[in-house]
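A closer look at the structure
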Amino acid sequence: MCRNIKPLFNFDPPATDEEIHDAALQFVRKLSGAAKPSKRNEAAFEHAVSSIAACARELLDSMETSQPPRDREEVAAKARARTAMRFA
């Protein structure tokens, strides 16, 4: 899994369209093996990003959970603490 793609489900506030687009972009970059497409492949690349973002939004909107929403700041603080321990 691409390390730059973060879980987006069950957060308060919910994932934004920008976050979903960024995750889709990372996914397409990973699949294509290119950080930036050539001019020839630019249209296909952008189409893939928008299609995957739409599917991801549909998935996130349709998922259900009995767990309370996670706090973004709390999750980010835990991630920073893990990183500090890992690279200390």
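Now for a look at the structure at hand.

The rules behind these values
Residue positions are counted from 1 within each chain, in the order its sequence is given. For this predicted model, a pLDDT threshold of at least 70 governs which residues receive local features, and a threshold of 80 or more governs which side-chain atom pairs are given and counted, while totals over whole chains, interfaces and linings are taken from all residues. Only heavy atoms go into the side-chain values, all of them from the structure, while hydrogens and water stay out. Runs of E in the DSSP output that reach at least two residues are strands. Runs of H or I that reach at least four are helices, and both are numbered from the N terminus. For every residue, the accessible area (1.4 Å probe, protein chains only) is compared with the maximum for its type, and the residue is labelled buried under 20%, exposed over 50%, or partly exposed between those bounds. All accessibility values rest on the Shrake-Rupley procedure with a 1.4 Å probe; residue burial counts only the protein chains present in the view. The way it works is a 1 Å grid over only the protein atoms, where trapped points that fit a 1.4 Å probe form a cavity and open points with protein on both sides within 12 Å along at least five of seven lines form a pocket, and then any residue with an atom within 4 Å of a point lines it. Grid points are joined across faces, edges and corners, and a volume is the space filled by probe spheres set on the points. Buried Ala, Val, Leu, Ile, Met, Phe, Trp, Tyr and Cys residues form a nonpolar core when they are joined through side-chain atoms within 4.5 Å. The contact criterion used is simple: two residues touch if any of their non-hydrogen atoms lie within 4.5 Å. Here the expected span of a helix is defined as 1.5 Å times the quantity of residues minus one. It is the directions from the helix axis to the C-beta atoms whose arc is reported. Classification of ring pairs uses Phe, Tyr and Trp, with its six-membered ring standing for Trp, and accepts pairs whose centres are within 6.5 Å; under 30 degrees between planes counts as stacked, over 60 as edge-to-face, and the remaining range as tilted. In this scheme, Lys NZ or Arg CZ marks a charge over a ring once it lies within 6 Å of the ring centre and within 35 degrees of the ring normal. By salt bridge we mean one thing: a side-chain nitrogen of Lys or Arg within 4 Å of a carboxyl oxygen of Asp or Glu.

**Regarding the overall build of the protein chain**
When helices and strands are tallied, the protein chain shows 3 helices and 2 strands. When the helices and strands of the protein chain are placed in sequence order, the string is β-α-α-β-α. Counting only C-alpha atoms and orienting by the principal axes, one finds that the protein chain spans roughly 45 × 40 × 20 Å. Counting every position in the protein chain, which comprises 88 residues, the buried fraction comes to 19%. Here the protein chain has roughly 7,100 Å² of accessible surface; of this, 57% comes from carbon and sulfur atoms.

**Re the layout of surface pockets**
For the second largest pocket, the calculated volume is near 270 Å³. Counting only elements with at least two residues in the lining of the second largest pocket, the list comes to α1 (17-32) and α2 (42-62).

**Structural notes on the nonpolar core**
Ranked by size, the top nonpolar core spans 12 residues in total: Ile5, Leu8, Ala15, Ile20, Ala23, Ala24, Leu25, Val28, Phe45, Val49, Ala53 and Leu60. Going through the elements one at a time, α1 and α2 are the ones with two or more residues in this core. Sort the elements by how many residues they give to this core and α1 lands first, with 5 residues. Those residues in contact with Ala53, other than ones at most four positions away along the chain, are Ile20, His21 and Ala24.

**Describing α2**
Along an α-helix, a turn takes 3.6 residues, which lines up residues three or four apart on a common side. With 21 residues, α2 ought to run about 30 Å at 1.5 Å a step, and its terminal C-alpha atoms sit 30 Å apart, in line with that. Those residues of α2 lying buried are Phe45, Val49, Ala53 and Leu60. In an axial view of α2, the angular spread of the buried residues amounts to 70°, which keeps them on one side of the axis. Seen from the buried face of α2, the exposed residues on the opposite side, beyond 90 degrees, are Ala43, Ala44, His47, Cys55, Glu58, Asp61 and Ser62. Among the structural elements, α1 are those in contact with the buried residues of α2.

**Observations regarding the packing of aromatic side chains**
Applying the stated criterion across every chain yields a total of 0 aromatic pairs. A cation over a ring is seen here: Arg70 above Phe11, with NZ or CZ 4.2 Å from the ring centre.

**Points about α1**
Counted at 1.5 Å a residue, the expected span for α1 with its 16 residues is 22 Å, and the 22 Å between its end C-alpha atoms agrees. Residues of α1 that are buried include every one of Ile20, Ala23, Ala24, Leu25, Gln26 and Val28, and no others. The inward-facing, buried residues of α1 abut α2.

**Notes on the pattern of salt bridges**
Summed over the entire model, instances satisfying the criterion amount to 5 salt bridges. When the shortest N-O distance is used, the salt bridge between Glu42 and Lys39 registers 3.8 Å. With its nearest N and O atoms 3.7 Å apart, the salt bridge here joins Lys78 to Glu74. Linking Lys78 with Glu74, this pair stays in helix α3 (residues 72-86), spanning 4 residues, or about one helical turn. Given the relative accessible area of 48%, Lys78 is considered partly exposed.

Scope: geometric values only; no functional claims are made or implied.
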